[in-house]
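One-letter residues, chain by chain:
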Amino acid sequence: MQKKGRFCKSLAFSKALMVPMLVAPINQFTLESKVTQTLTLLEKCSNMEELKQIHSQMFKTGLVHDTIPASRLLAFCCSPDSGCLDYARKVFDRIQDPNTFIWNMMIRGFSNSKYPEEALILYHQMLCCSVPHNAYTFPFLLKACSSLSALEETQQIHTHVIKRGFASEVYSANSLLHVYATCGCMKFAYLIYDQLSTPDIVSGNSMIDGYSECGEMDLAYEIFKQMPAKNIVSWTTMISGYVGAGMYMEALNLFNEMQTLGIEPDKVVLSSVLSACANLGALDQGRWIHCYIDNRGLQIDQILGCALIDMYAKCGDVEEAVKVFEKMKKGIPVWTPMIVGLAIHGRAREALNLFVEMLEEGIKPNPITFTGILTACSYGGLVNEGKNLFHSMQRHHGLKPRIEHYGCMVHLLGRAGFLQEAKELIKKMPMKPNAAIWGALLHACQIHRNLELGKQIGKILIEADPGKGSRYIQLSSVYARRGEWDEAAEVRKVMKTLRVSKLPGCSALYLNGNVHEFITGDWNHPQMEVIYHTWDQIAESLKQEGYEPAIGDLLLDLQDEEKEMAINQHSEKLAITFGLISTEPGMTLRIVNNQRVCQDCHTAAKLISKVYARKIVLRDRNRFHHFENGKCSCEDYW
DNA sequence: CTAGGGTTAG
């Protein structure tokens, strides 16, 4: 009975015999030569089709029950790229008393798969079968815990690690440490780290990563600094930790230090550094890295290409981004960051064309592609295209719109003046609207002067995002615009009582590799006297062109003169002024600002581009403004 | 066998 069952199962495997022979049959000589031949075949095997043929030959030669060839067979099935875990499972189930090696392999297979929970189930079975553990068991198993963020299971396994005497075995200990670190349990992670008699580089790297994830950059750096030996992973982890925490300058400084020490960067650390450059708008550094990549002949993979294109786009040099994209197009195409890049520069039509081309090439868009393309539509005022794309997301691409896509749509509708429709969409959306959604609607209310709705939304917004200063300012300026000064002042007072502060406005100007930072109202730049004096002259010449300081949105119940003074101190103006006096006539000014550019600075920049015949490329919090000959690429809606 | 990377609405 049992035998018959087995035979039937083996038939299921030999189905592969029906397809043309991919693998030469085994000559049946001695047992030893059969084993060697099978092992050689398994080594050369490159896909499941071949594997199935080898497997069926193993039935014929009887080698299915031989531990070594059977293990090899399983190993192939468990490999993440070309294997097939279902098949592995079937093979495994028919092995009598699998040894530790085989159990480990199965656990590893599932921990690297889409179903890591299966690895935990297997481990449970392994325990039931009283199979001994070895040094490989826990690292594989804990990898599954780490992908599942399964803290409770990790703690249980932790006790097993101790009981079975693996607590001081570095691989097991490091694996445990890593799970705790990725789950944000730095107390436990530290416990393990502290108890290791000689923590190694991997232990340290996991600690750095863990602290970075928790935003504890000082502690992360403390570990980094104290590590007796570091490798490229240590540097990468620390640098990308800084990038994740928004500490881009620290990331670049550390990268420079790394190079001073003669450590050769690889593509992993370079993609992190490129991200830092992108966020800072540090075009020169970014270009340097691009040159470095080319000179070293480093292979540009998808991630690196993505980082490069994003860097060029966010540093204002879209043309260069397009060059990189075109060059990569044949090999590893990176459409999404290119579409996003065109979008933030307001080049909506080009972004749309690229999207169409991408579909024609048969490349599947992902959710980020859609945020990019919807952003492009909203900046370009392409309402119908945007609506159609939004609907096609689910209908044609099987992607459920996420909150950020609704955000794009609120912005798209709001920008075009369809405030009610935007409001309806928020009401209809299947998830709870967040601050970004309300913020987009409120901004549209301000732009289209629907102040009644703006007041309502402003209140909701503060409830949704009470810790953010700019939200109070937004509401307060709605009141100010209506001339309701008492209410405006009241909002400000609440802000003060709650000790919510507003991020100061900051603009950076990049000149010959140096960064010049200006903060609104700050006089700390050595040439500040000259800058303010020059601005007064510029303002005079702009006024002759019809410039009137736009003080209507200012919140405070100040005299007009005082208001004018307040906007004259905006960091954008200081940076532009400094740029005008520090560069040759005709040179493009590149400025990065940390907030949404205000109405007045926008108007001033437009006029300056005409009067002083300068191109100004201004990156604000959300997008780029290219000022040229009195006009802005955003067409005055941002 | 353990550790590191990119693109995400306003």
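Residues numbered from 1 in each chain as written. Chains lettered and ligands numbered in written order. Predicted model: local features only at pLDDT ≥ 70, side-chain atom pairs only at ≥ 80, totals over all residues.

Caption draft 1: Molecular detail of the sheet that holds strand β2 (residues 514-519). In space, the 6 strands of this open sheet follow the order β2-β1-β3-β4-β5-β6, with mixed pairing throughout. Each edge of the open sheet carries a strand with a single partner, namely β2 and β6 (631-632). On the sheet, helix α32 (residues 571-582) packs against β1 (506-511), β2, β3 (589-593) and β4 (616-619) and is oriented at approximately 20° with respect to β1. (Pairing = 2+ DSSP bridges. Helix = DSSP H or I, 4+ residues; strand = E, 2+ residues; numbered from the N terminus. Contact = placed C-beta atoms within 7 Å. Axes fitted to C-alpha atoms, helices over the stretch in contact; angles between N-to-C directions.)

Caption draft 2: How the structure looks around helix α16 (residues 267-280). End to end, α16 covers 20 Å across 14 residues, agreeing with the expected 20 Å (1.5 Å per residue, within 8%). The element α16 is extensively covered by neighbouring structure, given that 11 of its 14 residues are classed as buried. Along α16, the residues classified as buried are V269, L270, S271, S272, V273, L274, S275, A276, C277, A278 and L280. Structurally, α16 contributes buried residues whose contacts are with α14 (232-244), α15 (248-260), α17 (283-296) and α18 (302-314). Immediately beyond the C-terminal end of α16, within one or two residues, lies G281, with a positive phi of roughly 80°. (Expected span 1.5 Å × (residues − 1). Buried ≥ 20, exposed ≤ 12 C-beta atoms within 10 Å, placed from the backbone.)

Caption draft 3: A look at the protein's contact with DNA strand B. Lining the immediate surroundings of DNA strand B are 57 residues, of which N174, V268, C306, G407 and A436 lie closest. A breakdown of the residues in the surface near DNA strand B according to their chemical character gives 27 nonpolar, 23 polar and 7 charged. (Near = placed C-beta within 6 Å. Nonpolar A, V, L, I, M, F, W, Y, C, P; charged D, E, K, R; others polar.)

Caption draft 4: The arrangement of the packing of helix α26 (residues 435-447) against helix α27 (residues 451-464) in detail. It is the contact of α26 with α27, at a shortest axis distance of 9 Å, that shows an interaxial angle of 155°. Classified by the interaxial angle, the pair formed by α26 and α27 is roughly antiparallel. Crossing of α26 over α27 shows left-handed handedness. Residues A435, W438, G439, L441, L442, C445 and Q446 of α26 lie in contact with α27, whose contacting residues are L451, L453, G454, I457, G458, I460, L461 and A464. Of the residues in the contact of α26 with α27, the class split is 11 nonpolar, 4 polar and no charged. (Parallel < 35°, antiparallel > 145°, perpendicular 65-115°, else oblique. Left-handed = near helix turned anticlockwise from the far one by under 90°.)

Caption draft 5: The arrangement of the confidence of the model for chain A in detail. Mean pLDDT for chain A: 91, with 94% of residues reaching 70 or above. Under a pLDDT of 50 for its full length, residues 1-17 has, in the predicted model, 13 contacts with residues more than four places off or in other chains. (pLDDT = per-residue confidence, 0-100.)

Caption draft 6: Molecular detail of the pairing of β1. Where β1 lies against β2, 6 bridges are found, and the strand directions are antiparallel. Bridge pairing in β2 links S507 to F518. In this antiparallel pair of consecutive strands, β1 and β2, the connection spans 2 residues, and N512 shows a positive phi of 45°. As paired strands, β1 and β3 are joined by 3 bridges and run antiparallel to one another.

Caption draft 7: Focus on the domain arrangement of chain A. On domain assignment, one finds that chain A holds domain 1 (336-424), domain 2 (434-497) and domain 3 (506-632). Using C-alpha coordinates to define each centre, domain 1 is positioned 27 Å away from domain 2. Facing the 11 residues of domain 1 at the interface are 11 residues of domain 2. For the side of domain 1 that touches domain 2, the leading source of residues is helix α24 (residues 403-415), giving 7 residues. A per-class count over the side of domain 1 that touches domain 2 returns 5 nonpolar, 4 polar and 2 charged. (Domains from an automatic or database assignment.)

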